[in-house]
Amino acid sequence: MPAADRDLSKLHATFRRKLEAVLNDLAGHGLTLFVTEGFRSVERQLWLYAQGRTRKGPLVTRCDGVLNRSAHQSGKAADVAFRGGKLYPPGNSPAWKLLASAAKAHGLEWGGTWKFKDRPHLQLPPSRAATHPRARPKCPQTLQNKGSERTPADFPARRKISNPNPSPRGRGAGVRG
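Source: prediction; values computed, not measured.

S.K.: Looking at this structure, I do not really get the pattern of salt bridges. What am I missing?
M.R.: Side-chain pairs of opposite charge can arise where the charged atoms are in close proximity. Taken as a whole, this structure holds five salt bridges when the rule is applied. Two residues, Asp79 and Arg40, come together in a salt bridge whose shortest N-O distance is 3.2 Å. Remark: Arg40 occurs in the loop between β1 (33–37) and α2 (42–50) and Asp79 occurs in strand β2 (residues 77–82); sequence separation between them is 39 residues. Overlapping salt bridges bring together Glu37, Arg40, Arg44 and Asp79 as one network.

Below, the structure written as structure tokens:
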């Protein structure tokens, strides 16, 4: 079993700064949190992904670490727990509400708002470019190199858009205004 990595120096600098601000905010409310896992190797992510699938236990992640990477793998996510009581209080605990509020205030995404609840999880929100509907798919060669069975034929060819009002004088010689 690959061990969890709690070394904050391996986290993305922006994420680490925001995470530390969240932890400090909660300390001001008398809640002490600590990081149970930050950066994850591919091996660790694969091991966690196997839980509930090929190894006994509940599902803990939807990311396999290869085709679907976790934000932990780029140092942009961490899981936290509470000290001095229950590590993970009940879902309706005010402690989670404070964590959610502090995370939002510092620009982090909290896993407790997801359909697949992951209350201990905090991460930098995915960039707009990665989630935009027009975002380009990953390069087919990259997917193939990572063990995917997808081929370039699985990706639609780019359509050439023709100009509906071509200029008789050539490219760029249209009306100027």
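Back to the text.
S.K.: What am I meant to see in the nonpolar core here?
M.R.: In globular proteins that are soluble, nonpolar side chains generally tend to be buried together. Within the largest apolar cluster, 21 residues are counted, with the highest numbers of intra-cluster contacts made by Leu19, Val80, Leu99 and Leu122. When residues of this core are traced back to their parent elements, those giving at least two are α1 (13–27), β1, β2 and α3 (94–105). The greatest single-element share of this core, amounting to six residues, is contributed by α3. Among all residues touching Leu99, those that are not within four sequence positions of it are Val22, Leu26, Leu33, Val80, Trp110, Arg119 and Leu122.

S.K.: Whenever I open this one, α1 confuses me. Can you help?
M.R.: A turn of α-helix holds 3.6 residues, and therefore any two residues three or four places apart point the same way. Compared with the 21 Å implied by 1.5 Å per residue over 15 residues, the 21 Å span of α1 between its first and last C-alpha is a close match. Residues of α1 that are buried: Phe15, Leu19, Val22, Leu23 and Leu26. Down the axis of α1, the buried set is contained in an arc of 95°. They therefore lie on one face. For α1, exposure combined with an orientation more than 90 degrees from the buried face picks out Ala13, Arg17 and Asn24.

Rules of the game
Residues numbered from 1 in each chain as written. Predicted model: local features only at pLDDT ≥ 70, side-chain atom pairs only at ≥ 80, totals over all residues. Heavy atoms only, no water. Salt bridge = Lys/Arg side-chain N within 4 Å of Asp/Glu carboxyl O. Helix = DSSP H or I, 4+ residues; strand = E, 2+ residues; numbered from the N terminus. Core = buried A, V, L, I, M, F, W, Y, C linked by side-chain atoms within 4.5 Å. Buried < 20%, exposed > 50% of the residue type's maximum accessible area, 1.4 Å probe, protein only. Contact = heavy atoms within 4.5 Å. Expected span 1.5 Å × (residues − 1). Arc of directions from axis to C-beta.

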